[in-house]
Amino acid sequence: MILQGKKILIMGIRNKWSIAWGVAQAVTNQGGEVIFTHHPMENMEKLHSLLSEIPGAKTYPCDAASDESIQEALKLVKQNHGKIDGILHCIAHANTDDLRNDFIKTSREGFAHASDVSAYSLVATARLAKEEDLLNENASIVALTYFGSEKVMEGYNVMGVAKAALEASIRYLSKDLGVDGIRINAISAGPIKTLSAKGIKDFGSILDIVEQRAPLKKNVTQVEVGNVAAFLFSSLSSAITGEVIHADNGFSITGA
Ligand SMILES: NC(=O)c1ccc[n+]([C@@H]2O[C@H](COP(=O)([O-])OP(=O)(O)OC[C@H]3O[C@@H](n4cnc5c(N)ncnc54)[C@H](O)[C@@H]3O)[C@@H](O)[C@H]2O)c1
């Protein structure tokens, strides 16, 4: 039980297919306590029914596009749960048009929106968590990214650019957080069928290609990604910060 006594805030729960849910399961399997934030427009009846599977789990509304909303959520977490040991950033959004059209057609507004919600929100969360004195010493922040930041993946478009910004932000944040003993890393997860993934053109064929070409000949599951997050939240990874760890059955190392 590598997370016994640790409190982890999971930002970005939507439904049982969410990677956030896989991380929540992995954290609780390792003895950790989970607290959630959700988009303010989420269907609360469905969300409460899902969260009832984890006794005592609480969720707080948080719009990642608003510093005020992030601050309000973090304040409530501290007020109701005290200081915490980890934050999962599991949030991304791009306009559908920007995922369906060629990248060259990305609008200024669409570029700013994807970058704001999917990348800047991590910077704001890290800063506000520090300002609110929410994090215990040796806390760990983990964000989710995708291989489309490194290579051109059909249909990923502006989200690939936003993920590249997220990964670079992690390197710079690792320096600023490191002085307080706080670590920050990303998991580059292989493709998983979630509501967000449905927005990517031909997502089904990406899953087929991974199964054929990844060294381990299979796709990853939410809980497998969750297990990597559990490791990154634990003291077993105390020497790792500013990294992007691939949890993709090896797909990213394959050549043509
Ligand atoms: N599914 C995949 O194949 C895959 C692969 C690698 C990385 N990821 C990343 O994993 C993370 C989670 O995505 P998922 O696939 O589990 O899908 P998901 O749809 O379950 O989760 C995305 C979450 O982002 C939240 N969100 C979007 N805009 C928001 C806003 N303004 N404020 C607050 N929350 C907001 C949604 O409410 C949702 O909870 C994302 O960062 C995604 O890019 C996904």
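Refer to the structure above for everything that follows.
The shown structure was predicted, so the numbers you read here are calculated from the model rather than taken from an experiment.

**Q** Help me get a handle on the packing of helix 1 (residues 19-29) against helix 8 (residues 222-233), residues and values and all.
**A** Where helix 1 contacts helix 8, the axes come no closer than 7 Å and their chain directions differ by 55°. Here helix 1 lies oblique to helix 8, going by the angle between them. Helix-helix and strand crossings are classified by hand; for helix 1 and helix 8 the assignment is right-handed. Side by side, helix 1 and helix 8 meet where Ile-19, Gly-22, Val-23, Gln-25, Ala-26 and Val-27 of the first sit next to Gln-222, Val-223, Val-225, Gly-226, Asn-227, Ala-229, Ala-230 and Phe-233 of the second. Of the residues belonging to the contact of helix 1 with helix 8, the class tally is nine nonpolar, five polar and no charged.

**Q** Can you tell me about the pairing of strand 6 (residues 183-189), naming the residues and giving the values?
**A** Burial runs high along strand 6: seven of the seven residues are buried. Residues Arg-183, Asn-185, Ile-187 and Ala-189 point to one face of strand 6 and Ile-184, Ala-186 and Ser-188 to the other, with burial holding for every one of them. One crossover worth recording links strand 5 (residues 135-145) to the parallel strand 6 by way of helix 6 (residues 157-178), and it is right-handed. Sheet analysis places strand 6 next to strand 7 (residues 244-247), joined by four bridges and oriented parallel. In the strand pairing of strand 7, Ala-186 is matched with Val-244.

**Q** Give a detailed account of the nonpolar core, specifying residues and quantitative values.
**A** In this structure, Leu-9, Ile-84, Ile-87, Leu-122, Leu-135 and Ile-141 are the most contacted members of the largest nonpolar core, which totals 33 residues. With seven residues, the top contributor of residues to this core is helix 5 (residues 108-131). Beyond its immediate stretch of four places on either side in the chain, Leu-122 contacts His-89, Ile-141, Ala-143, Leu-166, Ile-170, Leu-173 and Ile-184. Counting residues in each nonpolar core, the second largest holds 32 residues, with Ala-26, Ile-192, Ala-229 and Phe-233 among its members.

**Q** Would you mind going over the environment of Arg-100 in detail, with residue names and values included?
**A** Note that Arg-100 resides in helix 4 (residues 96-100). You can call Arg-100 partly exposed: its relative accessible area is 39%. Spatially, the C-alpha atoms of Arg-100 and Ala-114 are 14 Å apart, while their sequence positions differ by 14 residues. What Arg-100 contacts, discounting residues up to four positions off in sequence, is Lys-198, Gly-199, Ile-200 and Lys-201.

**Q** Talk me through the site of the ligand; I want residue IDs and the actual numbers.
**A** Every one of the 28 residues lining the ligand counts as a neighbour, but Arg-14, Ser-18, Ile-192, Thr-194 and Ser-196 are closest to it. Within the backbone of Ile-192, a nitrogen or oxygen atom sits 2.7 Å from an oxygen atom of the ligand. Between the ligand and Ser-196, the relevant distance is 2.6 Å, taken from an oxygen atom to a side-chain nitrogen or oxygen of the residue. A total of 820 Å² of accessible area belongs to the ligand in isolation, and the protein chains cover 95% of it. Taken atom by atom, the bulk of the ligand overlaps the largest pocket. Residue composition of the shell around the ligand, by class: 16 nonpolar, eight polar and four charged.

**Q** Can you explain empty space enclosed by the protein? Please cite residues and give values.
**A** Throughout the structure, instances matching the rule amount to one cavity of 30 Å³ or more. Volume-wise, the largest cavity comes out at about 60 Å³. Taken together, Tyr-146, Phe-147, Met-153, Ser-188, Ala-189, Gly-190, Pro-191, Val-210, His-246, Asp-248 and Phe-251 make up the lining of the largest cavity.

**Q** Can you tell me about a nonpolar patch on the surface, naming the residues and giving the values?
**A** A contiguous nonpolar patch, built from Phe-103, Phe-111 and Val-161 and spanning about 230 Å² of accessible area, is present on the exposed surface. By secondary structure assignment, the location of Val-161 is in helix 6. With a relative accessible area of 31%, Val-161 lands in the partly exposed category.

**Q** Tell me about the packing of aromatic side chains, residues and numbers included.
**A** One pass over the full model with this rule turns up three aromatic pairs. Taken together, a centroid distance of 4.8 Å and an interplanar angle of 65° make the contact between Tyr-146 and Tyr-156 edge-to-face. Note that Tyr-146 is positioned in the loop between strand 5 and helix 6 and Tyr-156 in the loop between strand 5 and helix 6, a separation of ten residues in sequence. Taking relative accessible area as the criterion, Tyr-156 reaches 9% and is therefore assigned buried.

What counts, and where the lines are drawn
- Residues numbered from 1 in each chain as written.
- Predicted model: local features only at pLDDT ≥ 70, side-chain atom pairs only at ≥ 80, totals over all residues.
- Heavy atoms only, no water.
- Axes fitted to C-alpha atoms, helices over the stretch in contact; angles between N-to-C directions.
- Helix = DSSP H or I, 4+ residues; strand = E, 2+ residues; numbered from the N terminus.
- Parallel < 35°, antiparallel > 145°, perpendicular 65-115°, else oblique.
- Left-handed = near helix turned anticlockwise from the far one by under 90°.
- Contact = heavy atoms within 4.5 Å.
- Nonpolar A, V, L, I, M, F, W, Y, C, P; charged D, E, K, R; others polar.
- Buried < 20%, exposed > 50% of the residue type's maximum accessible area, 1.4 Å probe, protein only.
- Right-handed = clockwise from strand over helix to strand, strands pointing away.
- Pairing = 2+ DSSP bridges.
- Core = buried A, V, L, I, M, F, W, Y, C linked by side-chain atoms within 4.5 Å.
- Near = heavy atom within 4 Å.
- Polar contact = N/O pair within 3.5 Å; in protein donor to acceptor, adjacent residues only side chain to side chain.
- Areas by Shrake-Rupley, 256 points an atom, 1.4 Å probe, with all protein chains shown as cover.
- 1 Å grid on protein atoms, 1.4 Å probe; cavity = no way out; pocket = protein on both sides within 12 Å on 5 of 7 lines; lining within 4 Å.
- Sits in = over half its atoms within 2 Å of the grid points.
- Points joined across faces, edges and corners; volume = space filled by probe spheres on them.
- Patch = residues over 30% accessible without salt bridge, like charges linked within 9 Å, V, L, I, M, F, W, Y side chains within 5 Å.
- Salt bridge = Lys/Arg side-chain N within 4 Å of Asp/Glu carboxyl O.
- Phe/Tyr/Trp six-rings, centres within 6.5 Å; stacked < 30°, edge-to-face > 60°.

Bear in mind that shape data such as this cannot, by itself, settle questions of function.
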